[in-house]
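Structure at a glance
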Amino acid sequence: ALFSIVEWAYARRKDFNLNAIPALILILCLSVPAITAVRTEQIQQGDDSFISDAENKALLFLARESKGIMLSGIQIGRVVSWRNPQRAFIVHGQLTINFDEKQKDLNRFLDAKIQTQWKIDFLQQNNIHYVFMGEKEHNLGLISSDLPLEKIYDEEGVQIYRVK
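Residues numbered from 1 in each chain as written. Predicted model: local features only at pLDDT ≥ 70, side-chain atom pairs only at ≥ 80, totals over all residues. Heavy atoms only, no water.

Secondary structure assignment for the protein chain yields seven helices and five strands. Accessible surface for the protein chain amounts to roughly 10,500 Å². Of this, 54% is attributable to carbon and sulfur atoms. (Helix = DSSP H or I, 4+ residues; strand = E, 2+ residues; numbered from the N terminus. Areas by Shrake-Rupley, 256 points an atom, 1.4 Å probe, with all protein chains shown as cover.)

In structure tokens form, the structure reads like this:
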């Protein structure tokens, strides 16, 4: 949040009255403790805004692939939505149309009890190009071996599949 404020102010620096700069600096300095306290509390309560190095490496790999829609958990979807050319199937409640339905579909897709044909239809109907399997996704379920998927990345417990 602080970075966004600084970035916003820098972009508009020509519009600022020079007399307002000390007030702006004071506001920024006073906001740091509050922002830090909020983030600390979020992290202590289990906030999953951070991804592992392995997941980051996988996303850097995926950024070099042709553009498409990627199926992943919400955490990875949030990261992809702002730093990768791929489009995430599900991001979070405020940015995903039919969020609850899509979350249920993700869980069904990774459920071993669900029929393969439903999963194939799901991939086709939603124009999914990639399936990302990191730590959180593995906790939700598994990828069925009989799906039309080609593994294109497999390192440090993270896999990426391309839909054939």
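For the structure shown, the criterion picks out four aromatic pairs. Residues Phe61 and Tyr153 carry aromatic rings whose centres are separated by 5.0 Å and whose planes lie at 40 degrees to one another, so their mutual orientation is tilted. You can see Phe61 sitting in helix 3 (residues 53-63) and its partner Tyr153 sitting in strand 4 (residues 149-155), a full 92 residues away along the chain. Here Phe61 and Tyr153 have matching classes, each one buried. Arranged with centres 5.4 Å apart and planes meeting at 85 degrees, the rings of Phe89 and Phe122 form a pair that is edge-to-face. Here Phe122 lies in helix 6 (residues 116-125) and Phe89 lies in the loop between strand 2 (87-88) and helix 5 (99-109), a separation of 33 residues in the sequence. A single burial state applies to Phe89 and to Phe122, both of which are buried. One aromatic cluster is present, built from ring pairs that chain together Phe89, Phe109, Trp118 and Phe122. Cation over ring: Lys102 sits above Phe89, and NZ or CZ is 4.9 Å from the ring centre. The ring centre of Trp118 lies 4.2 Å from the NZ or CZ of Arg108, which sits over that ring. (Phe/Tyr/Trp six-rings, centres within 6.5 Å; stacked < 30°, edge-to-face > 60°. Buried < 20%, exposed > 50% of the residue type's maximum accessible area, 1.4 Å probe, protein only. Lys NZ or Arg CZ within 6 Å of the ring centre and 35° of its normal.)

Following the sequence through the fold, Gln115 ends up in the loop between helix 5 and helix 6. Between the C-alpha atom of Gln115 and that of Ser144, which follows or precedes it by 29 residues, the distance is 9.6 Å.

Mapped onto the elements of the fold, Thr96 is located in the loop between strand 2 and helix 5. Overall, Thr96 belongs to the buried group, its relative accessible area being 9%. Of note is the side chain of Thr96, whose polar atom sits 2.8 Å from the backbone nitrogen of Val91. Leaving out residues up to four positions away in the same chain, Thr96 has contacts with Phe89, Ile90, Val91 and Lys102. (Polar contact = N/O pair within 3.5 Å; in protein donor to acceptor, adjacent residues only side chain to side chain. Contact = heavy atoms within 4.5 Å.)

Let us look at the nonpolar core. Core analysis: the largest hydrophobic core is formed by 19 residues, its most contacted members being Leu71, Phe109, Leu123, Ile128, Val131, Ile143 and Leu149. Secondary structure elements with two or more residues in this core: strand 1 (69-71), helix 5, helix 6, strand 3 (128-133) and strand 5 (158-163). Excluding residues within four positions of it along the chain, Phe109 makes contact with Leu71, Trp118, Lys119, Phe122, Leu123, Val131, Leu142, Ile143 and Leu147. Val79, Val91, Phe132 and Val158 belong to the second largest nonpolar core, which has 17 residues in total. (Core = buried A, V, L, I, M, F, W, Y, C linked by side-chain atoms within 4.5 Å.)

The next thing to look at is the packing of helix 5 against helix 6. Orientation of helix 5 relative to helix 6, taken along the N-to-C sense of each, is 135 degrees, at an axis distance of 10 Å. Taken together, the axes of helix 5 and helix 6 are oblique relative to one another. The element helix 5 and its partner helix 6 pack so that their crossing is left-handed. Contacts between helix 5 and helix 6 involve Asp105, Arg108 and Phe109 on the former and, on the latter, Trp118, Lys119, Phe122 and Leu123. Looking at the contact of helix 5 with helix 6, its residues break down into four nonpolar, no polar and three charged. (Axes fitted to C-alpha atoms, helices over the stretch in contact; angles between N-to-C directions. Parallel < 35°, antiparallel > 145°, perpendicular 65-115°, else oblique. Left-handed = near helix turned anticlockwise from the far one by under 90°. Nonpolar A, V, L, I, M, F, W, Y, C, P; charged D, E, K, R; others polar.)

Another aspect to go through is the pairing of strand 5. Burial of strand 5 is extensive: five of the six residues sit out of reach of the surface. Where strand 3 and strand 5 come together, four bridges link them in antiparallel fashion. Bridge pairing in strand 5 places Phe132 opposite Ile160. Between the antiparallel neighbours strand 4 and strand 5 lie two residues, among them Glu156 with a positive phi of about 50 degrees. (Pairing = 2+ DSSP bridges.)

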